[in-house]
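Structural overview
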Protein chains: 2
Amino acid sequence: MSQFYLGVIGVGGVGTAFLQQLSRLPDAPKLILLARSSQTLLAPTPTYLPGIAADWKTASANPDLTKSGALSPEEIASYLSSAPGRAILVDNTSDPALAASYPVFLRAGISIVTPNKKGFSSDLSLFRNIFASAIKGNAHVYHESTVGAGLPVISTLLDLVSTGDEVTRIEGVFSGTLSFLFNTFAPVGGSGAGRKWSEVVAEAKELGYTEPDPRDDLNGMDVARKLTILARLVGLEVQSPDAFPVESLIPKELEGLDSSAEGAKAFMDRLGEFDAQMTEIKESAEKEGKVVRYVGSIDVASKEVRVGLQKFDKDSAIAGLKGSDNIISFYTKRYGSNPLIIQGAGAGGDVTAMGVTADLLKVMHRLR
Amino acid sequence: MSQFYLGVIGVGGVGTAFLQQLSRLPDAPKLILLARSSQTLLAPTPTYLPGIAADWKTASANPDLTKSGALSPEEIASYLSSAPGRAILVDNTSDPALAASYPVFLRAGISIVTPNKKGFSSDLSLFRNIFASAIKGNAHVYHESTVGAGLPVISTLLDLVSTGDEVTRIEGVFSGTLSFLFNTFAPVGGSGAGRKWSEVVAEAKELGYTEPDPRDDLNGMDVARKLTILARLVGLEVQSPDAFPVESLIPKELEGLDSSAEGAKAFMDRLGEFDAQMTEIKESAEKEGKVVRYVGSIDVASKEVRVGLQKFDKDSAIAGLKGSDNIISFYTKRYGSNPLIIQGAGAGGDVTAMGVTADLLKVMHRLR
């Protein structure tokens with residue numbers, strides 16, 4: 001059994017849940033680097049001993065570890081690739097700069113496992129560079145949790161493609177936050193009838209279902225990044241997540257507010273002024289016996305990717321979603337008129353970390 | 001890139017679809033053995049050249065191949081393990097005798113990929129012997145298509161378990177045939193109101209949705225075998241597929257008919273005599289505003305596995321199934337009250353073969 005050496009960056013919600021899962025694995029790889037924003041813990045070279053405890057508090061109190069400020073990706077890659085066995089980097093951040101350095105790691109033979117969407121959904125050239133570098137370095141890149149958290153979305157799509165099925169269309173609800181907002185604002189049963197949009201957003205923010213700044217959910221860019229990833233995996237050359245129509249739920253009049261915490265507060269304070277717009281959209285759907293949902297879709301033949309509001313029959317699977325669930329439908333030649341559907345929680349530390357941990361196990365299986 | 005050597009047994013519906021998919025793989029393994037019931041084609045030793053064309057007709061017309069009658073599992077294992085690289089056996093039969101020999105292959109280092117349920121759902125001792133032999137032989141066993149055809153059911157369950165999630169309950173519709181029968185006999189919209197059960201069964205048989213002998217679907221054993229596999233993968237010690245309650249849809253009065261083609265004909269001829277029983281079950285559900293469906297469930301805490309008829313709310317996901325779709329819900333600690341759901345076609349040559357082909361790629365990735 002080979003020994004694997006692990007570097008982990010990020011100890012937020014997903015990072016912490018991942019470290020817990022890691023600590024319970026029967027054949028866990030050896031954690032030799034653990035980093036958060038401005039601090040890095042390293043197992044001292046050349047022995048790479050002792051290994052690091054899988055929680056930040058215990059680890060940072062260990063006097064036998066080397067402590068440092070933030071290291072550059074090159075420094076981290078150099079440290080990991082000197083380890084006496086195959087190394088794997090787990091990036092539990094959403095840092096675009098770290099994602100831009102994946103090729104450095106991969107060319108050095110360090111595999112990457114990550115829920116960070118940035119590397120796969122920014123410039124197409126970076127996406128290509130990542131997978132070309134993996135081949136060059138004989139390393140692997142797994143990123144299941146970039147779409148639908150731990151739901152088997154990426155792996156299923158890759159299986160369809162690699163076995164020669166023809167994917168014709170992908171559609172679904174890809175944001176747990178927007179799922180919750182619309183399931184609450186426009187429920188099939190109609191029980192949310194009296195609710196105002198701004199109240200539902202405020203409630204979701206209080207429950208921790210939105211990003212700290214809800215505009216980061218409402219602008220649709222998170223969904224656009226996920227669609228970009230899926231579209232590229234079926235072979236569409238999507239240049240960037242703003243290369244196709246994305247409907248923002250931020251009222252035009254509030255687009256000028258700056259991105260600071262004050263801007264976020266002003267946004268929440270003023271959102272109620274525009275409730276009539278969303279009520280109108282909801283009621284127009286109701287008149288047709290439908291409900292409105294925020295969805296993403298990829299039509300492969302026409303190469304059309306779009307993200308935005310759409311009306312759905314009340315007895316459709318998308319209309320019937322509960323809580324903050326995601327649903328993703330794959331229409332393919334083999335599956336015919338009834339799509340292959342994956343549904344369930346698409347956000348949350350534990351389920352996102354599960355996707356990361358499962359990917360880590362797969363990488364270790366492939367390197368063994 | 002290592003060269004892999006492949007033996008394929010079975011050229012029925014799934015086998016033929018698999019061979020088609022195999023022939024289109026970019027880095028296909030080398031087919032050196034192709035067998036159907038009483039005939040075997042082999043690439044001549046010691047060169048293992050020429051490779052075999054991936055369809056029976058072309059291959060059997062090739063004068064350069066060695067031809068033989070049926071070989072014993074031991075003879076096949078010996079031939080495959082002498083190949084100058086890692087060998088993989090794809091069993092596209094439903095043969096219990098071949099399945100009972102998997103340990104022979106695995107201990108010889110030959111990996112197994114199969115949609116054949118028999119090895120994993122017969123005696124618990126065989127199930128255990130298979131996985132122990134795989135470890136001993138440093139070989140792999142993949143069997144995604146034993147449950148839900150190409151749907152990612154087994155892989156998802158293994159990911160949940162291996163990352164430390166606690167699966168509490170699994171339930172769903174596991175038979176494409178029984179899905180079609182009940183979606184047609186007792187549709188949510190009620191449009192099938194006037195249909196008689198025996199007519200629906202006859203129609204399904206004509207459409208090729210049932211086994212040649214529909215009793216093989218109606219006795220519930222196919223579903224029981226799938227539940228046995230899933231239950232064992234979450235750690236329940238299910239001794240055999242008849243170790244738990246399985247509701248048969250074969251009327252008691254017809255259980256005595258023998259298993260021959262004549263018996264099957266007599267069964268179909270007489271099934272209509274018992275239509276009133278099924279109509280009563282359907283109407284009793286309707287009185288509660290529900291529909292009846294044939295489902296399987298595993299309650300992990302109480303170790304209860306059961307297969308049979310159950311009533312479902314008309315707005316439930318199970319009631320809303322279409323065509324011959326399967327649906328499988330995983331309730332787990334991490335996923336909470338809303339389960340992780342997989343839905344789609346759970347039968348058919350192409351989608352079953354897709355699961356086999358995807359498994360083959362995964363085995364090759366692990367052996368590389």
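For chain A, an unreviewed UniProt entry supplies the name Homoserine dehydrogenase and the organism Aspergillus ibericus CBS 121593. According to the UniProt record, the Catalytic activity (unreviewed entry) comment for chain A is "L-homoserine + NADP(+) = L-aspartate 4-semialdehyde + NADPH + H(+)".

We now examine the nonpolar core. A:F182 and B:F182 are the most contacted members of the largest nonpolar core, which has 172 residues in total. Setting aside its immediate chain neighbours within four residues, B:F182 contacts B:P187, B:W197, B:L249, B:M278, B:V292, B:R293, B:Y294 and B:L309.

A separate point is the pairing of strand 5 (residues 87–91) of chain A. For a regular strand, the rule is simple: side chains alternate between the two faces of the sheet. Residue and element names in this part refer to chain A. Counting buried positions along strand 5 yields five of five residues, so the element is predominantly enclosed. Side-chain alternation along strand 5 places A87, L89 and D91 on one buried face and I88 and V90 on a second face that is also buried. Sheet topology note: the strand 1 (residues 5–9)/strand 5 ladder contains five bridges and is parallel. Looking at strand 5, one finds that V8 is bridged to V90. Across three bridges, strand 5 lies against strand 6 (residues 111–113) in parallel orientation. Bridging from a neighbouring strand, L89 pairs with I112 of strand 6.

What follows deals with the pattern of salt bridges. Residue and element names in this part refer to chain A. Summed over all chains, the structure comprises 22 salt bridges over all chains. We note a salt bridge from K117 to D222, for which the minimum N-O separation is 3.1 Å. Taken together, the residues K117 in the loop between strand 6 and helix 6 (118–121) and D222 in helix 12 (residues 221–233) connect sequence positions 105 residues apart. Ionic pairing is found between E273 and R270, a salt bridge with its closest N-O pair at 3.2 Å. Residue classification places E273 among the exposed residues on the basis of a relative accessible area of 51%. Overlapping salt bridges, with partners in common, bring together K117, D222 and K226 in one network.

By a frequent convention, interface size equals the accessible area lost on bringing the separate parts together. Between chain A and chain B, the contact holds 33 residues from the first and 33 residues from the second. For the pair chain A and chain B, the two sides together bury roughly 2,700 Å², of which 58% comes from carbon and sulfur. Three residues, A:R334, A:Y335 and A:M354, lead the burial of chain A against chain B; their summed loss comes to 21% of the area buried on that side. Between the two partners, chain A and chain B, sit two salt bridges. Between A:D159 and B:K362 there is a salt bridge, with its nearest N and O atoms 2.9 Å apart. Sorting elements by how many residues they give to the side of chain A that touches chain B places helix 15 (residues 349–367) of chain A first, with nine residues. Class assignment for the residues of the side of chain A that touches chain B results in 14 nonpolar, eleven polar and eight charged. Relative to strand 12 (residues 340–345) of chain B, strand 12 (residues 340–345) of chain A runs antiparallel, the two being bridged by three bridges. By the bridge assignment, A:Q343 is partnered in strand 12 of chain B with B:I341.

Moving on to the UniProt feature "domain: Aspartate/homoserine dehydrogenase NAD-binding" (unreviewed entry) in chain A. UniProt feature "domain: Aspartate/homoserine dehydrogenase NAD-binding" (unreviewed entry): in the numbering of this structure it lies at residues 10–144 of chain A. Annotation note: span residues 10–144 of chain A, helix share 40%, strand share 18%, distance between end C-alpha atoms 17 Å.

Further remarks concern the sheet that holds strand 7 (residues 141–142) of chain B. Residues and elements named next belong to chain B. Reading across the sheet, the seven strands line up as 4-3-2-1-5-6-7 and stay open at both edges, with mixed pairing between neighbours. At either end of the open sheet lies a strand with only one pairing partner, and these are strand 4 (66–68) and strand 7. In this fold helix 3 (residues 73–81) packs onto strand 1 (5–9), strand 2 (30–36), strand 3 (39–42) and strand 5 (87–91), with an angle of close to 170° to the strand it touches most, strand 2.

Residue and element names in this part refer to chain A. Remark: helix 9 (residues 176–185) packs on helix 10 (residues 197–206), axes separated minimally by 10 Å, with the N-to-C direction vectors making an angle of 135°. Between helix 9 and helix 10, the angle is such that the two are oblique. Remark: the crossing between helix 9 and helix 10 carries right-handed chirality. Residues F180, L181, F182, T184 and F185 of helix 9 lie in contact with helix 10, whose contacting residues are W197, V200, V201, E203 and A204. Taken together, the residues of the contact of helix 9 with helix 10 sort by class into eight nonpolar, one polar and one charged.

With that out of the way, let us pick up unusual backbone geometry. Residue and element names in this part refer to chain A. In this chain, T45 is followed by P46 through a cis amide linkage whose omega measures 0°. As for its placement among the helices and strands, P46 is situated in the loop between strand 3 (39–42) and helix 2 (56–60). A cis amide bond links L49 to the next residue, P50, at an omega of -5°. With respect to the helices and strands, the residue P50 is situated in the loop between strand 3 and helix 2. If you check the backbone angles, Y48 has positive phi at about 55° while not being a glycine. Relative to the assigned elements, Y48 resides in the loop between strand 3 and helix 2.

All names here are of chain A. According to UniProt, the "binding site: NADP(+)" (unreviewed entry) feature falls on G10, V11, G12, G13, V14 and G15. Mapping G10 onto the fold places it in the loop between strand 1 and helix 1 (13–23). Exposure remark for G10: the relative accessible area of 9% places this residue in the buried category. What G10 contacts, discounting residues up to four positions off in sequence, is G15, A35, N92 and T93. Inspection of the secondary structure assignment puts G15 in helix 1. Relative accessible area serves as the criterion here: at 0%, G15 is assigned to the buried category.

Time to look at helix 12 (residues 221–233) of chain B. Residues and elements named next belong to chain B. For helix 12, with 13 residues, the first-to-last C-alpha span of 18 Å sits near the 18 Å given by 1.5 Å per residue. By the criterion of burial, helix 12 is predominantly enclosed, with eleven of the 13 residues buried. Of the residues flanking the end of helix 12, it is G235, one or two places downstream, whose phi is positive at about 100°.

The subject of this paragraph is the domain arrangement of chain A. Residues and elements named next belong to chain A. Domains assigned within chain A are domain 1 (5–149 + 350–367) and domain 2 (154–345). For domain 1 and domain 2, the distance between their C-alpha centres works out to 30 Å. Taken together, the contact pairs 15 residues of domain 1 with 18 residues of domain 2. Here domain 1 packs against domain 2, burying approximately 1,500 Å² in sum over the two surfaces, 61% of which is carbon and sulfur. A per-residue breakdown of the area domain 1 buries against domain 2 is headed by S121, L124 and V147, which together make up 35% of the total. One can count two salt bridges joining domain 1 with domain 2. Residues E237 and R128 are paired through a salt bridge, measuring 2.9 Å at the closest nitrogen-oxygen approach. Listing elements by their share of the side of domain 1 that touches domain 2, those giving two or more residues are helix 6 and helix 7 (124–137).

What counts and how
- Residues numbered from 1 in each chain as written.
- Chains lettered and ligands numbered in written order.
- Predicted model: local features only at pLDDT ≥ 70, side-chain atom pairs only at ≥ 80, totals over all residues.
- Heavy atoms only, no water.
- UniProt positions renumbered as here; feature names shortened; annotations may be inferred.
- Core = buried A, V, L, I, M, F, W, Y, C linked by side-chain atoms within 4.5 Å.
- Buried < 20%, exposed > 50% of the residue type's maximum accessible area, 1.4 Å probe, protein only.
- Contact = heavy atoms within 4.5 Å.
- Helix = DSSP H or I, 4+ residues; strand = E, 2+ residues; numbered from the N terminus.
- Pairing = 2+ DSSP bridges.
- Salt bridge = Lys/Arg side-chain N within 4 Å of Asp/Glu carboxyl O.
- Buried area = accessible area lost by both parts, 1.4 Å probe.
- Nonpolar A, V, L, I, M, F, W, Y, C, P; charged D, E, K, R; others polar.
- Axes fitted to C-alpha atoms, helices over the stretch in contact; angles between N-to-C directions.
- Parallel < 35°, antiparallel > 145°, perpendicular 65-115°, else oblique.
- Left-handed = near helix turned anticlockwise from the far one by under 90°.
- Expected span 1.5 Å × (residues − 1).
- Domains from an automatic or database assignment.

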